[in-house]
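Okay, here's what each chain looks like letter by letter:
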Amino acid sequence: MTPPDTEPGGDELPRLFADALELPPEARDEFLDRACAGNVVLRRELDSLLRAHPVAAQLFERFAPRRDVSGPAPAAGARIGPYRLLREIASGGMGAVYLAERTDDAYSKQVAVKLIRPGLGGGEITRRFVAERQVLADLEHPGIARLLDGGSTPDGRPYLVMEYVDGVPVDRFVVERGLDVRGRLELFLEICEAVDYAHRNLVIHRDLKPSNILVDADGHPRLLDFGIAKVLAGSASGERDDLTRGTALPLTPRYASPEQFAGGRMTTATDVYGLGVVLYQMLTATFPFDFEDRAAHEIADLVLHAEPVRPSRRVSRDAARRLTGDLDTILLQALAKEPERRYRTVQDFAADVRRHLNGFPVQARPDTVGYRVSRFARRNRSLVSAVAATFVVLAVALAVTTRAYRDATASRQEAEVQAYVASLAAAEASLGANKTGEAAEHLEAAPERLRGWEWRHLRSRLDRSRGSFRAHGRGITRIDFAADGRFLTASVDSTIAVWSGPGDLVARHGPFASGVESAAFLAGDPRVVVGLNDGAVFLLDPADGTRATLRDAGERWALVDASPDGRRVAAGFLNGLVRVWDVATGELVKEWRAHDGPVIVAWAPDGSALATGGADGTVHVRDARDLALRLDLSLHERRVYSLAWSPDASRLATGSIDRTARVVDARTGATRCSFREHRGTVASVAFSPDGSRVVSAGADDRVLAWNAETGGDVSDLRGHRADVSALATSPDGTWWISGDWSGEMRAWDWTAEDVKTIRYAAVQSVVPVLRQAAVRDSSVACASSAASLLVWDPTNGTRAVPAPAWPARRIAFVPGSGALVLGTDDGRLLLRSGENDGEWTVHDVPGGPLLALAVGEGVAFTGSEDGIVRRWALPGMAEAGEFASDEGARTPVLDLDLSPDGATLAVAGQDGAVRLWSVGSVRIERTIEVGSRAVTDVAFDAVGRRLATACADGSVRVWSVDSADVLALRPGGRSALTSLAWSPDGTRLAAGGTDTVVHVLSVPLGREVAALHGHVGRITSLVFARGGAWLLSTSSDATVRIWDAPLTP
Amino acid sequence: MAEPPTDVTEILLQARGGAPGATDRLLAALYSDLRGMADRFLRHERADHTLQPTELVHEAYFRLVDQTRCAWQDRAHFLAIASQAMRRILVDHARRRGSAKRGGGVPRIPLHEATNLIGGGDDTTLLALDFALDKLAAVHPDSARVVELRFFGGLTHEECAGVLDVSPRTVSRHWEFARAWLYREMSGDAPGY
């Protein structure tokens, strides 16, 4: 007998609990009284369990399996919410659809009720539906069946209610009606119109297929299920969410786009693809690929990798004549693998179909050999980002713009401006958090009409790579360069690919028996060593596919590397073993247990050593000759995930699951630097060809380049949207190649970092304040509080040039000559004629520190603390006259600007006034009282009609030169501003000061539109360069930042 | 004696056929494989990462079984064993990490935290669950088994029913019971405490 004070075992407790649970709460007490029959312990147990049950139901909710027990299908007559089901009209992946009518409605309109399969979307579906309801209900278009209602049944099954459409799926319709090609195309154009309407309302469909496109008796199409994918898949607040939830959503394989299979972002381009499949089917009654008898994963492979069959080959010879040419080309463009190669919009797609119908040349272009060759070059960074920016992904667009648009009290214009500013702020914040996908969505949400410099800048930061390319449908495990610049990529998709350059695929090998964990070229041997997930290691001859097996499958995770002379191969395994083989004989040279597995291996580039790293965080360095242990290092808390040698074999870089990377001396084992910037596993490391920098990449989707000695000077290479799992640098140093877990690869060069930051290396721990930058061509010279210039050239990097004087405050290039003028703290004017290392001439300027400088054609003006402006004649720099404040106020001159025509000099004074001097008559023509605080910067616009002022009170104002008009762009009472710059197009002002932020102000909108964060010290100067493609800021944090905004996408 | 097969499909078939030790071997094979995948696929260390054992087990199924075209009816059995392996992996993982931060002992979690259990891959709650699940298995083994299958293996009620050879309704009853029991146990609300 069970002792009374222990828990009742057996099945009695569960049974009674479940029985009680099935009763209504009010009937439970009586049932339990009876069932427990005086057993107090049992009764107390049941009571406490029943008490716990309602809360416990949430216990595993977030882990609930996606597919749940599916209750019996409701029968006709059943009620769901206020609807009575009449009959089932369809059933599919998402659930069953019923014809129904409202029970509480006198005018019983028939509707379609979609009962969602349990588990899809989970308990959040109702919340999401509510969030989306307004947007979806507002989709008023004759071609779109409206979503009317949604909720969940008492047993928790969500349902959606939409307009009932009495029609026939479009693929059946065209056959049944016997439409000719023209008729089919015209019907298709009507479909496009509805989809385009939805896109313009920021809703994408994601599941376009004939069964969702019904054609009514009058021949008009109605699209079903618009926006439902979104409700089911959840808010696309981040691409990672999209990715995971996207897989949870039952896609329709035959209509799904490559990005849906690859887990990429779903965008309007996804619908372009879907429409392509629909049109293909309308014209040929088949699919673009041979899907017959294929399993789902084979379909995925076809969609991801195979070329679509030309539609003209799908039909009889007669019909083919009608399709060959234009229609083939149009469809293949719509069905392109890469979203950016498809039509940019549904409108473009429809326009091409219309051109074809009207006999005009279409804009789609067939894939020529030339096209394939130039594909990578064309898909350069700016193009990719431009296309990325046209993707409309909904979530944030809706969140920001709908809220703003619907602000009933604000005017439409004001709401739009607010939406714009909010989108940009959100985008900047997302970029700061490295959420590129979110940032793209925010930018896309920004009203197009208002986009300007700041938008271009932020867009350019979405993707800093030179381009992306892809051959693998899944994760990249290894990238290895051959000496001739070819590289190979290995993937868990069980294949390897060989490339002659980024995007230039030479060959693919496989699929092998399991995922490829690693592969490497053999020097002096055409073969490649391959290690598979199942543990097999073999040498593959790419020419004929023959293999020489070194190790059969069995041990799992063969991580291989080839010695630099190509004579030996090493492999580490999951069980902790390392083996080394002789390539020529295939003989095993040595085998030993090295670490806890899996073990990663890397040969030193000079062939002197073999490094191995294991799951226990240890790294071994062995002599390559006898494989004797030379160094046993415990470097990481957790598994060593990646290993790389410096090119001179003196150092090793390691990356670990513990989120750190290290650089150690390969002879002594001493740690040279420890890098902790990653927020996830450091999955890959590589040295730059000169060994000065390390690139590391990891589970935080970032590729970071950093100084191999200090771990500092970090560049963030942004673009990947999945765990970055492999990295390599080309032998000539031209490229970095990275590969991620979605199978995407990217190529990078030196421009790749987020915001180009030029840093003045601290000399003897003195960190100089950078005070002003001047730009000539693409090189930047910067005056600093150290007695030297910082000069940066994109090809040579950074260097410090000694200047023969005190710290400099002002700097300018003389237009047209390349001569450089400097104004110094000790009141000297320095002129360096000619190019880089020309001679300096020094002129003393009385009146204390030289605070302001303006340089024009053949003339320079300086302003000093004594309040006197002096004119100098170039090139000899002879003093040519003085301007002095005639009130005798003699306020220090803080800034000077010469009008573009050279006729007027604006002088900003510490007394809060700007005085406009006529250069010809040396007279004050106008005094503008800006405020009570110092005017720190004054600037003419490009045509000299307007004058902008920045003030120590934080205000920015724009004054008309000819009239009394003034526009306050930024009110005072804020942290002080110290500098100001006009964009060349005159629509933007950049302002910066003590708050370390670069403020971008829109002159037409009369307000601040963006704030750029990054500097950690006050901003000392700002200048636009290269026609507005660059904005440079200098700061007391010893850096110059180049905020770029490419002019042409 | 022939070396025991390491091919998952083969062991799976043996396990179904009742070969002695086959299930243990399958578990061992799966454990190492899933552990590798857990590291590799999920990179648990992502700050924002929510552990999804269900996806992991399904991925394992796809990689190990589907690709070798194993018979569909083995799926439930495979998933059952994979769910055991998954539990061990998650708990080992949490324990390894936890041991660095804390001493041993059974963590007790506050009631309000128990309500959003596990969602964030919280080590403490996972260990507490593991501990409570062992206790549940001692008194109500069938209910505990259902939790292991559903929670760690991501099996549906029907798949659980197939594995345990009971009706889906019975599975559902066990599930409801186990949840209440575990919640009570983990929140320290059991009578007599």
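About the criteria used
Residues numbered from 1 in each chain as written. Chains lettered and ligands numbered in written order. Predicted model: local features only at pLDDT ≥ 70, side-chain atom pairs only at ≥ 80, totals over all residues. Helix = DSSP H or I, 4+ residues; strand = E, 2+ residues; numbered from the N terminus. Buried ≥ 20, exposed ≤ 12 C-beta atoms within 10 Å, placed from the backbone. Contact = placed C-beta atoms within 7 Å. Pairing = 2+ DSSP bridges. Axes fitted to C-alpha atoms, helices over the stretch in contact; angles between N-to-C directions. Core = buried A, V, L, I, M, F, W, Y, C linked by C-beta atoms within 7 Å. Expected span 1.5 Å × (residues − 1). Parallel < 35°, antiparallel > 145°, perpendicular 65-115°, else oblique. Left-handed = near helix turned anticlockwise from the far one by under 90°. Nonpolar A, V, L, I, M, F, W, Y, C, P; charged D, E, K, R; others polar. pLDDT = per-residue confidence, 0-100.

Asker: Would you take a moment to explain the overall build of chain A for this structure?
Answerer: When its secondary structure is counted, chain A shows 20 helices and 65 strands. Split into buried and exposed, the 1049 residues of chain A put 52% on the buried side. Across chain A, contacts joining residues at least 24 apart in sequence account for 49% of those joining residues at least 6 apart.

Asker: Just checking my understanding: could you explain the overall build of chain B for this structure?
Answerer: For chain B, the count of helices and strands is nine helices and zero strands. Ordered by position from the N terminus, the helices and strands of chain B form the series α-α-α-α-α-α-α-α-α. When the 193 residues of chain B are sorted by exposure, 46% land in the buried category. Considering only intrachain contacts with a sequence separation of at least 6, the fraction spanning at least 24 residues in chain B is 64%.

Asker: What's the story with the sheet that holds strand S46 (residues 840–844) of chain A in this structure? I'm lost.
Answerer: Strands belonging to one sheet form pairs held by backbone hydrogen bonds; the direction of such a pair is parallel or antiparallel. All names here are of chain A. Read from one edge of the open sheet, four strands run S43-S44-S45-S46, paired in antiparallel fashion. With one partner strand each, in any of the chains shown, strand S43 (808–813) and S46 form the two edges of the open sheet. Across this sheet, the average inter-strand angle for adjacent strands is 20 degrees, counted without regard to direction. Relative to strand S45 (residues 828–832), strand S44 (residues 820–824) runs antiparallel, the two being bridged by four bridges. If you follow glycine 823 over to S45, its bridge partner there is leucine 829.

Asker: It is not clear to me how the environment of A:Pro564 should be interpreted in this structure. Could you clarify?
Answerer: Residue and element names in this part refer to chain A. Within the secondary structure, proline 564 is located in the loop between strand S19 (559–562) and strand S20 (568–572). When the C-alpha positions of proline 564 and glycine 607 are compared, they lie 5.7 Å apart, and in sequence the two are 43 residues distant. With near-sequence residues (within four places) excluded, proline 564 lies in contact with Ala523, Trp603, Pro605 and Gly607.

Asker: How should I be thinking about the sheet that holds strand S36 (residues 736–740) of chain A in this particular structure?
Answerer: Residues and elements named next belong to chain A. Taken together, four strands build an open sheet; the order of strands is S10-S37-S36-S35 and the sheet is antiparallel. Bordering the open sheet on either side are strand S10 (467–470) and strand S35 (724–729), each of which pairs with just one other strand. Each adjacent strand pair in this sheet contributes to an overall mean axis angle of 25 degrees, direction not counted. Relative to S36, S35 runs antiparallel, the two being bridged by five bridges. In the strand pairing of S36, threonine 729 is matched with tryptophan 736.

Asker: Is there a simple way to explain helix H13 (residues 326–334) of chain A in this structure?
Answerer: Two residues of an α-helix separated by three or four positions point the same way, owing to the 3.6 residues in each turn. Residue and element names in this part refer to chain A. Counting buried positions along H13 yields seven of nine residues, so the element is predominantly enclosed. Taken as a whole, H13 has its buried residues at Leu327, Thr329, Ile330, Leu331, Leu332, Gln333 and Ala334. For H13, the elements touching its buried residues are helix H10 (268–284), helix H12 (317–323) and helix H14 (346–357).

Asker: Would you mind going over the nonpolar core with me for this structure?
Answerer: The nonpolar side chains of a soluble globular protein tend to be buried, and buried together. Residues and elements named next belong to chain A. Core analysis: the largest hydrophobic core is formed by 111 residues, its most contacted members being Cys782, Val821, Leu896, Ala906, Val914, Leu980 and Leu989. Counting residues per element, this core draws most heavily on helix H18 (residues 412–432), which supplies eight residues. What leucine 980 contacts, discounting residues up to four positions off in sequence, is Asp937, Ala939, Ala948, Ala950, Val956, Leu989, Ala991 and Leu1022.

Asker: What is the right way to read the environment of A:Gln110 from this model?
Answerer: All names here are of chain A. Within the secondary structure, glutamine 110 sits in strand S4 (residues 110–116). Note: C-alpha distance between glutamine 110 and leucine 99 (11 residues apart in sequence) is 6.9 Å. Residues in contact with glutamine 110, not counting those within four places in the same chain, are Leu99, Glu101 and Tyr164.

Asker: How do you make sense of the pairing of strand S32 (residues 693–698) of chain A when you look at a structure like this?
Answerer: Look at any regular strand and the pattern is simple: side chains alternate between the two faces of the sheet. All names here are of chain A. In terms of residue burial, S32 counts as a mostly covered element, since five of its six residues are buried. In this structure, strand S31 (residues 682–687) lies alongside S32, joined through five bridges in antiparallel fashion. Among the inter-strand pairings, alanine 686 is bridged to a residue of S32, identified as valine 695. Hairpin connection of S31 to S32: five residues between the antiparallel strands, including glycine 691 at a positive phi of 75 degrees. As paired elements, S32 and strand S33 (residues 703–707) share five bridges and run antiparallel to each other. Directly across from alanine 697, in S33, lies its bridge partner valine 703. In textbook terms, the turn of a hairpin is the stretch between consecutive antiparallel strands, and for S32 and S33 this stretch comprises four residues, one of which, aspartate 701, has a positive phi near 70 degrees.

Asker: Looking at this model, I keep getting lost on helix H6 (residues 181–200) of chain A. Mind explaining?
Answerer: Residue and element names in this part refer to chain A. For H6, built from 20 residues, the straight-helix expectation of 28 Å at 1.5 Å per residue is met to within 8% by its first-to-last C-alpha distance of 28 Å. Where the residues of H6 are buried, they touch helix H5 (170–176), strand S8 (213–215), strand S9 (221–223), H10 and H14. Just downstream of H6, leucine 202 is the residue with a positive phi angle, here 65 degrees.

Asker: When you look at the packing of helix H7 (residues 141–152) of chain B against helix H8 (residues 157–164) of chain B in this model, what are you seeing that I'm missing?
Answerer: A pair of packed helices is characterised by two quantities: the angle between their axes and the separation of those axes. All names here are of chain B. Two elements in contact, H7 and H8, have axes whose closest approach is 10 Å; the angle formed by their N-to-C orientations is 130 degrees. Relative to H8, the element H7 lies oblique. With respect to the hand of their crossing, H7 and H8 are arranged in right-handed fashion. Residues Asp142, Arg145, Val146, Leu149 and Arg150 of H7 pack against Cys160, Val163 and Leu164 of H8. Looking at the contact of H7 with H8, its residues break down into five nonpolar, no polar and three charged.

Asker: What is the right way to look at the pairing of strand S25 (residues 618–623) of chain A in this model?
Answerer: Residues and elements named next belong to chain A. Two strands pair when backbone bridges link them, and strand S24 (residues 609–613) and S25 are joined in this way by five bridges, in the antiparallel orientation. Bridging from a neighbouring strand, alanine 609 pairs with aspartate 623 of S25. Counted along the chain from S24 to the antiparallel partner S25, the turn is four residues long, and its residue glycine 617 has a positive phi close to 85 degrees. In this structure, S25 lies alongside strand S26 (residues 629–634), joined through five bridges in antiparallel fashion. In the strand pairing of S26, valine 621 is matched with leucine 631. Between the end of S25 and the start of S26, which pair antiparallel, lie five residues, with leucine 627 showing a positive phi angle near 60 degrees.

Asker: Looking at this model, I keep getting lost on the packing of H13(A) against H14(A). Mind explaining?
Answerer: All names here are of chain A. The geometry of H13 relative to H14 is characterised by a closest axis approach of 10 Å and an angle of 175 degrees between their N-to-C directions. Taken together, the axes of H13 and H14 are roughly antiparallel relative to one another. In contact with Asp326, Leu327, Ile330 and Ala334 of H13, H14 contributes Phe349, Asp352, Val353 and His356. Each residue belonging to the contact of H13 with H14 can be placed in one class, and the counts come to five nonpolar, one polar and two charged.

Asker: Explain the confidence of the model for chain B here, please?
Answerer: Where the model shows low pLDDT, its predicted coordinates should not be examined in detail. All names here are of chain B. The predicted model of chain B averages 62 in pLDDT, with 36% of residues at 70 or higher. Per-residue pLDDT stays below 50 along residues 1–5; that stretch engages in three contacts with residues further than four places along the chain or on separate chains. pLDDT under 50 marks residues 99–121. Its contacts with residues more than four places away, or in other chains, come to 31 contacts. Taken together, the chains of this predicted complex give a pTM of 0.45 and an interface ipTM of 0.72.

Asker: I tried to follow the confidence of the model for chain A on my own but got confused; where do I start?
Answerer: Residues and elements named next belong to chain A. For chain A, mean pLDDT is 80; residues scoring 70 or higher make up 82% of the total. Predicted confidence is poor over residues 62–71, with pLDDT under 50, and the contacts of this stretch with residues over four places away or in other chains come to 27 contacts. Every residue in residues 119–123 is under pLDDT 50, and counting partners more than four places away or in other chains gives 12 contacts.

Asker: How do you make sense of unusual backbone geometry when you look at a structure like this?
Answerer: For residues that are not glycine, phi is negative in most cases, and the peptide bond is trans in most cases. All names here are of chain A. Of the consecutive residues glycine 510 and proline 511, the connecting peptide bond is found in the cis state with omega at 0 degrees. Position of proline 511 relative to the elements: it lies in the loop between strand S14 (504–509) and strand S15 (516–521). Here tryptophan 557, not a glycine, exhibits a phi torsion of approximately 55 degrees, which is positive. Looking at tryptophan 557, the number of C-beta atoms within 10 Å reads 26, which means it is buried. Even without being a glycine, arginine 659 presents a positive backbone phi close to 75 degrees. For arginine 659, the position within the fold is in the loop between strand S28 (651–656) and strand S29 (661–665).

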